[in-house]
Amino acid sequence: LTILSTLASLSLFSQERVALVEFEGALGLVTGCEHDAFTQSKSGQVAAELRLNIPRSAFDVGLQLGVVKYEREGWKEYRNHHATLYTDYNLRPEGKWYNLFAGVGLGYGETFRNTIGNPIDDEIDEWGQHFVFAPRFGAEIYNVVRLTFEGKSISREYTYWGVTLGLTIGGW
């Protein structure tokens, strides 16, 4: 808490150059985390986030809604819907065209699992609710384009890492 307070006080100017509210729409790719390999051609995510840039602070708070769809082993299909509340620390160097950020999110997710052509048993449809822990870091370019590396830790089977490319509106 002391370190975060010190960083915030050292960068009070950082949010003075951006608007109070911004919206981001993003598309991305995902991959698994230490479990069955994902079929890359059928993995992806779509997300929308509404962010509040805290005035005279390097922090922002955002609510992200997203859908992730992926396949594993050629017969396990997953779709994860999530609502995640993020807080980010923004390092906006004075006079630079980029912003580096890092943050963490907590939220709620629902996972739908469907097996098609299951070689072991009959087809299975499952649904589950999960707590979501989501670290992320990235760069925002000219307050418009945002490249984010993120993880969603849900449970061992549903955890994934991803990269998104987003378009930010209203952050100027």
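Scroll up a little and you will see the structure.
Structure report, in brief. (Residues numbered from 1 in each chain as written. Predicted model: local features only at pLDDT ≥ 70, side-chain atom pairs only at ≥ 80, totals over all residues. Heavy atoms only, no water.)

Judged by which residues are buried, strand 8 (residues 160–169) turns out to be one-sided: Tyr-160, Gly-162, Thr-164, Gly-166 and Thr-168 face inward and are buried, whereas Trp-161, Val-163, Leu-165, Leu-167 and Ile-169, on the alternate face, are not. Bridging between strand 1 (residues 21–32) and strand 8 involves 10 bridges; their strand directions are antiparallel. The residue bridging Val-30 from the neighbouring strand is Gly-162, located in strand 8. Relative to strand 8, strand 7 (residues 145–152) runs antiparallel, the two sharing 8 bridges. Bridge pairing in strand 8 places Thr-148 opposite Thr-164. (Buried < 20%, exposed > 50% of the residue type's maximum accessible area, 1.4 Å probe, protein only. Helix = DSSP H or I, 4+ residues; strand = E, 2+ residues; numbered from the N terminus. Pairing = 2+ DSSP bridges.)

On to the nonpolar core. Listed in full, the 10 residues of the largest apolar core are Val-30, Val-68, Tyr-70, Tyr-78, Tyr-86, Val-132, Ala-134, Ile-154, Tyr-158 and Tyr-160. Sequence-distant contacts of Ile-154, that is, excluding residues within four places in its chain, are made with Asn-80, His-130, Phe-131, Val-132, Thr-159 and Tyr-160. (Core = buried A, V, L, I, M, F, W, Y, C linked by side-chain atoms within 4.5 Å. Contact = heavy atoms within 4.5 Å.)

Within the secondary structure, Gln-45 is located in strand 2 (residues 44–53). A relative accessible area of 4% places Gln-45 in the buried class. For Gln-45, the side chain forms a polar contact with the side chain of Glu-150, separated by 3.2 Å. Not counting the four nearest positions on each side in its chain, Gln-45 is found in contact with Ala-26, Leu-27, Gly-28, Leu-29, Val-30, Val-67, Val-68, Glu-150, Tyr-160, Gly-162, Val-163 and Thr-164. (Polar contact = N/O pair within 3.5 Å; in protein donor to acceptor, adjacent residues only side chain to side chain.)

In this structure the tally under the stated criterion is 10 salt bridges. Two residues, Arg-136 and Asp-88, come together in a salt bridge whose shortest N-O distance is 2.6 Å. Residue Arg-136 is located in strand 6 (residues 125–141), and its partner Asp-88 is located in strand 4 (residues 76–91); the two are separated by 48 residues in the primary sequence. Judged on exposure class, the residue Arg-136 and its partner Asp-88 are both buried. Of the charged contacts in the structure, one is a salt bridge between Asp-88 and Arg-146, with a shortest N-O distance of 3.5 Å. One end of the pair, Asp-88, is in strand 4; the other, Arg-146, is in strand 7, with 58 residues separating them in the sequence. Three or more residues joined by partner-sharing salt bridges are found here, namely Glu-22, Glu-24, Glu-49, Arg-51, Asp-88, Arg-92, Arg-136, Glu-140 and Arg-146. (Salt bridge = Lys/Arg side-chain N within 4 Å of Asp/Glu carboxyl O.)

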